[in-house]
Structure formats: structure tokens, C-alpha cells
Amino acid sequence: MATDTATSAPRETADDIREAAEAPAAPATIKGDYQPPAVDVPALTAILDGEYAEVRQLVRDNLVEHESILTDAEEMGFDEFRERVKEVVQELAATGQSAMGFPEEYGGAGDIGASIAAFETLALGDLSVLVKVGVQFGLFGGAVLQLGTKRHHDRYLEPLIKGELLGCFAMSEHGHGSNVQALETVATYDAEAGEFSISTTSEQGYKDWIGNAALHGEVAVVFAQLRVAGEDHGVHAFVVPIRVDGEAAPGVRIEDDGRKMGLNGVDNGKLWFDDARVPREALLNRFGDVDEDGVYSSPIESANRRFFTTIGTLVQGRVCVGGGGINAAKVAITIAVKYALRRRQFEATSEDVEDILLDYGQHQRRLLPLLARTYALHFAQEIVARETHDVFTGANTDEGDRRRLESRAAGTKALGTWHCTRTIQEGREACGGAGYLAANRFAALKADSDIFTTFEGDNTVLMQLVAKGLLTDYAGGFEDLDQLGMVRFVGGLAVETVVERTSVHKLFSALKDALPGGDAKWYEEAGLLDPDYQLAMLRFREEHMIGGVARRLKRGVDAGHNPGAVFSRAQDHVIGASHAHMERLVLEAFVDKVRSLPEGDERTALSLLCDLHALSVIESDRAWFMEHGRLTVQRSKAVTREVNALCRRIRPIAGELVDALAVPRAMLRADDLVGTD
Ligand SMILES: Cc1cc2nc3c(=O)[nH]c(=O)nc-3n(C[C@H](O)[C@H](O)[C@H](O)COP(=O)(O)OP(=O)(O)OC[C@H]3O[C@@H](n4cnc5c(N)ncnc54)[C@H](O)[C@@H]3O)c2cc1C
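Residues numbered from 1 in each chain as written. Predicted model: local features only at pLDDT ≥ 70, side-chain atom pairs only at ≥ 80, totals over all residues. Heavy atoms only, no water.

Caption draft 1: Highlighting the nonpolar core. If you look at the biggest cluster of nonpolar residues, it comprises 181 residues, and the most contacted ones within it are Phe223, Tyr375 and Leu606. Here this core gets 15 residues from one element, more than from any other, and that element is helix H10 (residues 315-342). (Core = buried A, V, L, I, M, F, W, Y, C linked by side-chain atoms within 4.5 Å. Buried < 20%, exposed > 50% of the residue type's maximum accessible area, 1.4 Å probe, protein only. Helix = DSSP H or I, 4+ residues; strand = E, 2+ residues; numbered from the N terminus.)

Below you can see the structure in the form of C-alpha cells.
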């Protein structure tokens, strides 16, 4: 059986069709003894909302209050909609929902977990509003807070939290988006004037895609190479006025990026600097400073480590976008499942009434594993958000945990936003032509969320960051390593040493006696619905793949090849290992959540979803598991049968399961798809 990569559903071979024809017809709904759990929707929502239920409800209420923004997005002209989005962002700021992550003394709530929950929930509504909020409070505000010191906090935090001072986060350039270390904007210290002179130094070196730059931003946190007395100190950030009384500030040129595929309520623009002057104090000086005499100092000696530390402090933006993607997927899956519960096509099982779409096996196959994965990613994201809260509030000061968080945040952002794109596409198709109507939400969802896989770190580049963490085990000096450094590091060790040093190996070794899954026979006999079996499968794949990458890198380096070329050739394995690692973390999060709940219908429902998620993940890579002796042909077919059976078990509660995701009715719109009741 081959896999259709778009849906992870199997394509049938002639043998399969014959087998299926001989088998008794699968009931459209479960008959016999099966009693689906009686899901209490508010109780399940409470489990999903977790400790930030109140915050999430506040944001849902605010979204409903501003529901007209969804129609404004369709009906307003380009310029008018940008102004409307700005207005809504400022109104939301007045409710306090965007300030939760800032210190209390500046008007915030000092609760980073709450601010992430608020942002994620905002993704149930218009995504231009979400992204403008992200630019203003997450990127601009976050950079001032995390990279600046008291003088910057005192000056900027209060007005920016209130939405009175709008700003930008100007990191990306036309020439360099992912490779931030190679930026070509330069900040040269002029000791005589006590100022920095900021300039764009090449044709490709202008800032591009900068949110709030085209119209509304008055200042920008500009990332530039710092040069003091002829010496380069790497990328630092500066607060630079870009607009005064509505006109470009001296030394600054601004151009509008214009109409985009989506997110047209956000005014992205380009910025050029030509000897733009800012005082010495404009340097956000937490990790590097220049004194009055023009002497540079930093608490972090290595320039590479300083760079990665600087970037690492901005991880919250990534966590937020990942959560935003998962929540946007909730909107799509809710509409698609609700439609599938109402829409009828073809008299398949009776002569006089057409069947409901969700009673078709393939329709279940298309939607229910995506629903299960949405739940899985929600719980995985909950862990990343909690860890971010702990690290950034100082509740957790462990260096290793901080680095692990960076890696986990990168991987969860990638998986969450890829899932978003895939779910929206499948949801649209599952609604047929009706899904194409703007009023039914998919048009905006598709256009606006598409770029989530690219901004706040391109997903493929982020998955390489995950691999770096895996291969170096966040070892001392991890932050000093760029990609080539990492390859050399791995190449310089014995393969066994690399494998032994990986956090994954350490974890699994430490748990060896507690974890099942020793030999091939165990894998053959364990119950498919046993979470220990499912986890053992994903752990086996992960450890095996990391070992494979280490071997490839080492072999190439030992043979004297260029480390960059070695890495490039092994890149598919590198990304594969990161995927395997992240899938294991996601499943663990789901299994742990289910295990933490008291017995009851909600736990039973989540357990069904968890099984469906786990077996869908295994099924989608069953060729690999067969190649590596962890699935026989018979067992592989049994996995597929079990996925189908789980879909049928979940089908009767699919409506409750999407209702529990708690997308406000007003955010669904789509009256003709989901009904008005
Ligand atoms: C709507 C929008 C809003 C944005 N807002 C902001 C903002 O407010 N502030 C800001 O600073 N930036 C912003 N950005 C920029 C964004 O962060 C960058 O687009 C992003 O970092 C990717 O950079 P890039 O576009 O240069 O892509 P590139 O880095 O050129 O990547 C292009 C492709 O090459 C692949 N690739 C790159 N390197 C490698 C490698 N080593 N190995 C294998 N494949 C590789 C990537 O996976 C990708 O598919 C925004 C972008 C958009 C589109």
C-alpha cells in the first residue's frame, strides 16, 4: 500500500482492494457493543484551556466583540483595512490582553504563560490582527524588554504596551532572511559625537518585510553589525526613530512592500538607512555596550555565543507563532468536521436518503487524524509555553533547559505551522466548492496563515536548529557553534560518543529498565493501542535516525570532505531525525496528558484521539519501520486497520470534539457550512 503524502492515507493496491472486497463491509457507524464516550464539551474545553482558561475566555470574548473585522477584511479597500486593523489592535491593547507578558511596573501582568495563551487564542480570529499584535507587542516590545535595560524599559515599555507608540522589529534584509549573522546594516560608533551612525551598506542590505514599517511605526528595533573603533562585534540591536510627524526620519528611507498573498492588514515595508544618527543609549545593551569613551564590553566573551544568546532571548515570538498556527488549524478543522456532519452526498447505504459525508470512511480518514493531531499539538504547545514561562520568569534557571527550550520551540513552531497549512487545505477540500467561498473562512485562513511556515524562522531552517541541539546535546560551547562548527564537532567525535552524548540516548538509557521495547519480538507482540508500544516505536526511530546522521557526518569529515558539503549531503537525514525527535515529543505530551486525567468519558475520548494520532504517525512512515525491522507486513496492515477502526469509533463524537476546541461561533462564520443553530 502506498502513502498519499498529502493526507497520510493509504492508496490502495489491487491486493488491498481484493482483500477489502472479501472482508465484510465496514459499518458506516459502529454497531454492536461499542458505546462512544459521553463527552461533556465544557469539561473537555476546560482540559484544553488548562490553567489559562480565564485568559483564553477574555480573548474569545474580545474576538466576538470585534467580529466585524472578519467581514471588513473582505469588504474594505487595502488602505482602509490597514487602518481598521490598527484600530482593533489598539482597542485590544486597551483591554490589557496584549500586556500580560510585560513587567507589572510598566502596566503588564508579569505572566508570560498568560501572554502566550492570549496570543494563541487570538489566532481564532482575523490573522492580520494577530500578526500586527505579534509585531507590536511580541517582536518590537519583546526586543526592547529582552535586549534592552532599565533605561529602555523606562522610556518605551509603557507607551508601547498601551499601543500609543507603534514600532517595528527590523531584522530581516532583502539579502539575508534566515542567515541573520550575515546582515549588512552597519552601526558605526562615532566617539566624538557619542552617536551611532546606521547605514545600509549594500544593494541587498535594506530591511525587508518589516511589519509596521510602511505606515504606522514610529521607531524600529534595528539589527545591525556593531563596529567600534574599526572593530566588528557582531549583530546588535538599536532603537531607531524611523518616522517623525508621519514623514521618514532623517537618514531613513521607507517603501511599502505593497499587497501580499495575505495579511494585508499589516503594513510591511522596506527600510534603508543612510547615516541615520542615534545616541549611544539607543543600543539595546543587555548583552553588549559601548561606554562614553567608545570602549566595547560584553558579559559574553565569544561573539558567536553572544549572537546565539541574543537570538535565543527572542524565542517567545516563535512559541507564539507556533501556537497561533495550531489555533488557526482549529478553526479549519471545526468548520470541516461540522460541515461533514451535515452535508449529504450519494445514497450509499440506503435508497432514499443520501449519506452524511463523515460516515464515509475516506472522509473520516481525511479529517479525523488531523483533528487528533490538532489535539496532540495543542498539548505539545502547552508544554513549550509552560517551559517558556519558567525560563523567562526565572522560575527555571538551568542553562541546559534554556537551550532545550530553544530547540523545542523551533521544532514545535515548525510542526504546528505545517499542520496549520495542511489542515486548512484539507478542510477546504473536504467542504468542496462551498469551502471556496470567502464567507466560509478558508480563503482568509489559507492566504493569511500560509507565511507562518516562513516567518519567525523558516521551518526547514528551524528543523536544522533542532538537529544541532540533538547532535551536540546542548553541550558546553553549543552556543558557539554555527552549522559548520556543529559538523566539525560531530566529525571530531567517535560515532558512539555522539550517540551516547545525545540527550535522547541519555534519556532512553536512563529509562531503560522502566521502558519496554527491547527486542523485535516485543515490537511484534505488543498491543497497537498500548501507549508504551507507540512511544517505543517513535523512540526507536528517533535514536536510530540520530545515530545515522552522526555516522554520515563523521564518515564525510573523516574522509576529508568539506564539512559544509558533508552536511548538505546528509541534510535529508538531518531533517528526518529532527522530525522523528519532534514527533516523539508531541506524542509524549499527548500520552502524558491523557495519563494525568482522572478516569471518565473525557479521558476515554482523548485516549481514542491519542491512539489515532500515534498510529497515524506510525502508519505514515511504515515503510521506514518495515525497512528497519520494527513492522512486519502483517503488522503494518494491522496498523492501517486499527486507524480505520479508531476513525469509526471517533466518528460519533466528532461534533463534540470540535466543539470542545471552543472556536467562538462568530469566528466560524460559514453559516451555510456549519448551520445557524
Ligand atoms: C509577511 C511577512 C512578514 C514578515 N515580518 C517581518 C518582520 O516584522 N521583521 C523581520 O525582521 N522580518 C520579517 N519577515 C521576514 C521573515 O522573517 C523572513 O522571510 C524569514 O526569516 C525567511 O527568510 P527569507 O525570506 O530570506 O528566506 P530564505 O532564508 O532565503 O529561505 C528561502 C528558502 O531556502 C531554504 N533555505 C534557507 N537556508 C537553507 C539551508 N541552510 N539549507 C536548506 N534550505 C535552506 C528555506 O527553507 C526556504 O525555503 C517577514 C516576512 C514576511 C513574508
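Caption draft 2: Examining the pairing of strand E3 (residues 167-170) more closely. Residues Gly167 and Phe169 point to one face of E3 and Cys168 and Ala170 to the other, with burial holding for every one of them. By the bridge criterion, four bridges tie E3 to strand E7 (residues 219-228) in an arrangement that is parallel. Its bridge partner being in E7, Cys168 is matched across the sheet by Ala220. (Pairing = 2+ DSSP bridges.)

Caption draft 3: Structural view of the packing of aromatic side chains. Applying the stated rule across the entire model yields twelve aromatic pairs. Here the aromatic rings of Trp522 and Tyr533 are separated by 6.2 Å at their centres, their planes lie at 45°, and the arrangement is tilted. In this pair, Trp522 sits in helix H18 (residues 520-525) while Tyr533 sits in helix H19 (residues 531-558), placing the two residues eleven residues apart along the sequence. Among the residues examined, Tyr533 registers a relative accessible area of 0% and is labelled buried. Grouping aromatic residues by their ring pairs yields a cluster made of Trp522, Tyr523, Tyr533, Phe540, Trp624 and Phe625. Between Arg253 and the ring centre of Trp272, over which it is positioned, the NZ or CZ distance is 4.0 Å. (Phe/Tyr/Trp six-rings, centres within 6.5 Å; stacked < 30°, edge-to-face > 60°. Lys NZ or Arg CZ within 6 Å of the ring centre and 35° of its normal.)

Caption draft 4: Focus on the pairing of strand E5 (residues 195-200). Burial of E5 is extensive: five of the six residues sit out of reach of the surface. Looking at chain direction, strand E4 (residues 185-190) and E5 are connected through six bridges and run antiparallel. Directly across from Thr185, in E5, lies its bridge partner Thr200. In textbook terms, the turn of a hairpin is the stretch between consecutive antiparallel strands, and for E4 and E5 this stretch comprises four residues, one of which, Gly194, has a positive phi near 65°. Bridge count between E5 and strand E13 (residues 276-279): four bridges; the pairing is antiparallel. Considered in E13, the bridge of Ser197 is made with Arg277.

Caption draft 5: Spotlight on the pattern of salt bridges. Under the defined criterion, the tally for this structure stands at 40 salt bridges. When the shortest N-O distance is used, the salt bridge between Glu74 and Arg669 registers 2.5 Å. With Glu74 in helix H4 (residues 68-75) and Arg669 in the loop between helix H26 (665-668) and helix H27 (671-674), the pair connects residues that are 595 residues apart, well separated along the chain. On the basis of relative accessible area, Arg669 is assigned to the buried category, the value being 17%. Several salt bridges converge on common partners, so that one network encompasses Asp190, Glu195, Asp275 and Arg277. (Salt bridge = Lys/Arg side-chain N within 4 Å of Asp/Glu carboxyl O.)

Caption draft 6: Inspection of a negative patch on the surface at higher detail. There is a patch of like negative charges on the surface, built from Glu347, Glu351, Asp352 and Glu354. Residue placement: Glu354 occurs in the loop between strand E16 (344-345) and strand E17 (355-356). Among the residues examined, Glu354 registers a relative accessible area of 32% and is labelled partly exposed. (Patch = residues over 30% accessible without salt bridge, like charges linked within 9 Å, V, L, I, M, F, W, Y side chains within 5 Å. Areas by Shrake-Rupley, 256 points an atom, 1.4 Å probe, with all protein chains shown as cover. Lys, Arg positive; Asp, Glu negative; His and termini not counted. Charge placed at Lys NZ, Arg CZ, Asp CG, Glu CD.)

Caption draft 7: View of the site of the ligand. The full set close to the ligand counts 17 residues, and Phe169, Ser172, Ser178, Trp209 and Asp458 are the nearest of them. In the environment of the ligand, an oxygen atom lies 3.0 Å from a nitrogen or oxygen atom belonging to the backbone of Gly211. At 2.4 Å, a side-chain N or O of Asp458 approaches an oxygen atom of the ligand. Here the ligand loses 67% of its free accessible area of 980 Å² to cover by the protein chains. If you list the elements that add at least two residues to the shell around the ligand, you get strand E6 (207-210) and helix H14 (459-472). (Near = heavy atom within 4 Å. Polar contact = N/O pair within 3.5 Å; in protein donor to acceptor, adjacent residues only side chain to side chain.)

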